[in-house]
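The primary structure of each chain is shown beneath.
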Amino acid sequence: MKTQAASETSASSRGSSATVSVAQAEAALIEHYPRLVRLAYVTLPAGLGKHRRAMAAHRLVQSALPTSPAPSRQGGAYGVLRVRVLRAALEFGDQGRLRAALEGVRMPRVVGLRAHPQAGGDGELALYRALSALPAPARAAYALMSAEALGEPDARGVLDAAGVSDPREAVRAAAGVRVPAQAAAGGTGTGAVPGMVTGVVTGAGVDAGPGLDLGLGSGAFTGAGTRSGTTAAGPAAGRRLMASGEFDACTLQLRPTDLLRRRRRGRIGGGAAAVVAAGALLFAIAGSGSSSQHYAASGTPAADPHALDPASLVRVPATQWKATARLDFSAWPARGNRTKDTALLGRALSVWANPGASVDVSSTAGTPRSGPAQPPQLLFAGDEDAATVVIFYDGLRVVRYAQPRTGSGRAALDFAQAEDADLTTSAALLVDRVDGNARFLTAPWVAQTQVRDLFKPDQAATDLHRSADGVTDPVPMPGAGATAGTTGSAACGTTWPVMQLRSSSSIAEKHSFLLTDLGDLAPVHLTYTPPPSVGEAAPPVEATGPKALVSWAHSACRLVELRGQGVKAVNDWEFADTALPEGAGDASWTCDRADTWRGPGIALVQFVPPAAKADELGTLAGQQADGNACSRFDQHVMAGVMWKSPADHWYLLAAGSRDTASITATHGVNATSEGPFLATPAARGTRAALTGRLTDGKPLAPLGND
């Protein structure tokens, strides 16, 4: 799923003569261990039960390390491991009794405990049941096209390499899986409207007809709106569900086995439990029952007692931010009306180290849930709405503890990554959410807070009140007013509120920036890169100018697909403005790049015709689920669409970024353009393939094609 100019080195490494060394394979296994375990877990037979299935997934991944150099595959070392893991998982159900018995004693093992992934909601359960009813090859195909974000041709290639006898049938079966529509991230439109996009053409020759699904749940829009329903089909619809804890066998919950039976057999004494694990198996331990008034689990926490002492908390002076060049959470003072409540602070630290069963624990992807290794920094402790909230920072993570302000009820413990934050990405943190609204604690260097609607670029921002401690009034959550069960643009509602903050003149003169709430502790920074001009590529700028707001109005609804994924910042790059045939006006091509706190990013290319309304979602023209496309490390992108003119004539359109020297279309059409834009007449439904070339002679493929 890369859309970067293929260097001669990388091209040759994919050749048949290239090999992957054992050291390279080991490095890839460690780096991508959770992905491989998820792939094995989904493919393994559901009849094993969640405990045996999770343990088997870890064994298969750890056993996939080759003992000698292996021929390279697409994806390099990771591609080799993926095929080996899939082959082992597919063969698992056919092993004999002796092999099955030996499998149970191999490492890693868990003794005295039952382990299972975290339970999801209704959508996750529906997907789990639907996959359980499929044969193993179809489950593998679903995982490849959802969790791995592979297109159908690439998924068939991986399945064929793993020994599947009929990869096409496996892909067809996976495409028929349906999930609740409210859990799917988008939908498809129907019909054709003059002047609007009706399909997408990719370098792999995917049919550009109605209903095409492109991966991150949006599908191909036709300009005629969206359709709603109760279910959505295909691996793309279940991508967000597949990324949930329900299918994550690297974050497990533990429960004891039959204690009475074990006591009778004399296997252990005193109810003790022992865990024997190997490799990168990570357990998120949910505490045993506790009363609603005592949220920490019983027993001695593993953390250093010094780190759990409220008196040892790090407290930064209120003016620290004015005397440092490091503007991130480390410069935040402790605020709130409960910062001196040692009982509350001690309880929050204890729950962090050892949460009980009455605590709902959550974390953004890749964020460890371990207790504090040293005394953390206190950012906030106070009462807001019906909750009492404490927020800590340990240098790498932000940890939020919340309990009912009065009476009893469940508590919450949330973890989010915060490494390498800066002036903008550490400008606000979530304090509380109530009835579709959120309150945020703003950084001490924020001088002004406003709210604006991203769907209304011409509408001015309005002031947002803050308390003396820097807590905002309630801000409506984007999409909170959308009708339940709707998909596509309808799932975004009629407004997309964002905060517009202005930094103090002490650190930046007239510096304003936008933050949007995507469901995590830290709101997401929005930026904009203007269209290309003569000279060097322009860097991203703040998305507060008129052109930036107009462009973001067409991309805002795409942010729905990024909720809860630990996104740090999203840049809207307008990489091409092209004149359409027949004098139909100028179209805009954008690539929205979402960077996560943990590193990987997501890229989405959109085509926005001149007839689009101000708040109308652009048409998805390509995507990359995990890579560096449209970042400063890969500033070359190309995409194509089929477009119907106002005179009912069909055209194949393709556009590339500023260094694109030529674009060629084949398979149903035969056209080449010199420069970064191609427009040629083409029959509706043309299965075209696009190739490009950069000014330095390197090839360029459409986004979403290897």
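The preceding data block contains the structure.
Residues numbered from 1 in each chain as written. Predicted model: local features only at pLDDT ≥ 70, side-chain atom pairs only at ≥ 80, totals over all residues. Heavy atoms only, no water.

### Details of the environment of R632
Filter applied, for reference: Numbering goes from the N terminus for both helices and strands, where a helix is a DSSP run of H or I of at least four residues and a strand is a run of E of at least two.
Here R632 shows up in the loop between strand 25 (619–627) and strand 26 (638–644). Sequence separation between R632 and P540 is 92 residues, and the spatial gap between their C-alpha atoms is 9.7 Å.

### Re the layout of surface pockets
Formally: A 1.4 Å probe that fits into a set of points on a 1 Å grid over the protein atoms alone but cannot get out defines a cavity; an open set with protein on both sides within 12 Å along at least five of seven lines defines a pocket, and lining residues are those with an atom within 4 Å of a point. Grid points are joined across faces, edges and corners, and a volume is the space filled by probe spheres set on the points. As a working rule, the residues Ala, Val, Leu, Ile, Met, Phe, Trp, Tyr, Cys and Pro are called nonpolar, Asp, Glu, Lys and Arg charged, and the rest polar, with Gly in that last group.
Here the second largest pocket is characterised by a volume of approximately 910 Å³. Around the second largest pocket sit 36 residues that line it, and P540, N571, D595, S631 and R632 are the ones nearest its centre. Every element with two or more residues in the lining of the second largest pocket is listed here: strand 20 (524–529), strand 22 (567–579) and strand 23 (586–596). Per-element tally for the lining of the second largest pocket: the top contributor is strand 22, with 6 residues. Broken down by class, the residue content of the lining of the second largest pocket amounts to 14 nonpolar, 13 polar and 9 charged.

### A word on the sheet that holds strand 9 (residues 377–384)
To keep things clear, this is the line we draw: At least two DSSP bridges between two strands are required for those strands to pair. In this analysis, axes come from line fits to C-alpha atoms, helices being fitted only over the stretch in contact, and the angle between any two N-to-C directions falls in the range 0 to 180 degrees.
Taken in spatial order, the 5 strands make up an open sheet running 8-12-11-10-9, and their pairing is mixed. Sheet topology places strand 8 (359–363) and strand 9 at the edges, where each strand pairs with a single neighbour. Taken over all neighbouring pairs, the strand axes of this sheet differ in orientation by 15° on average, direction set aside. Judged from the 7 bridges that link them, strand 10 (residues 387–393) and strand 11 (residues 397–404) form a sheet pairing that is antiparallel. Residue pairing in the sheet places T388 in a bridge with Q403 of strand 11.

### Some thoughts on the nonpolar core
Going by this rule: Grouping buried Ala, Val, Leu, Ile, Met, Phe, Trp, Tyr and Cys residues that are joined through side-chain atoms within 4.5 Å yields what is termed a nonpolar core. Working definition: with a 1.4 Å probe on protein chains only, accessible area under 20% of the residue-type maximum means buried, over 50% means exposed, and in between means partly exposed.
Grouped together as the largest cluster of nonpolar side chains are 64 residues, with contacts concentrated most on L44, V61, L127, L131, Y142, L144 and L159. Counting 39 residues, the second-largest nonpolar core is a separate cluster that includes F329, L429, A438 and A443.

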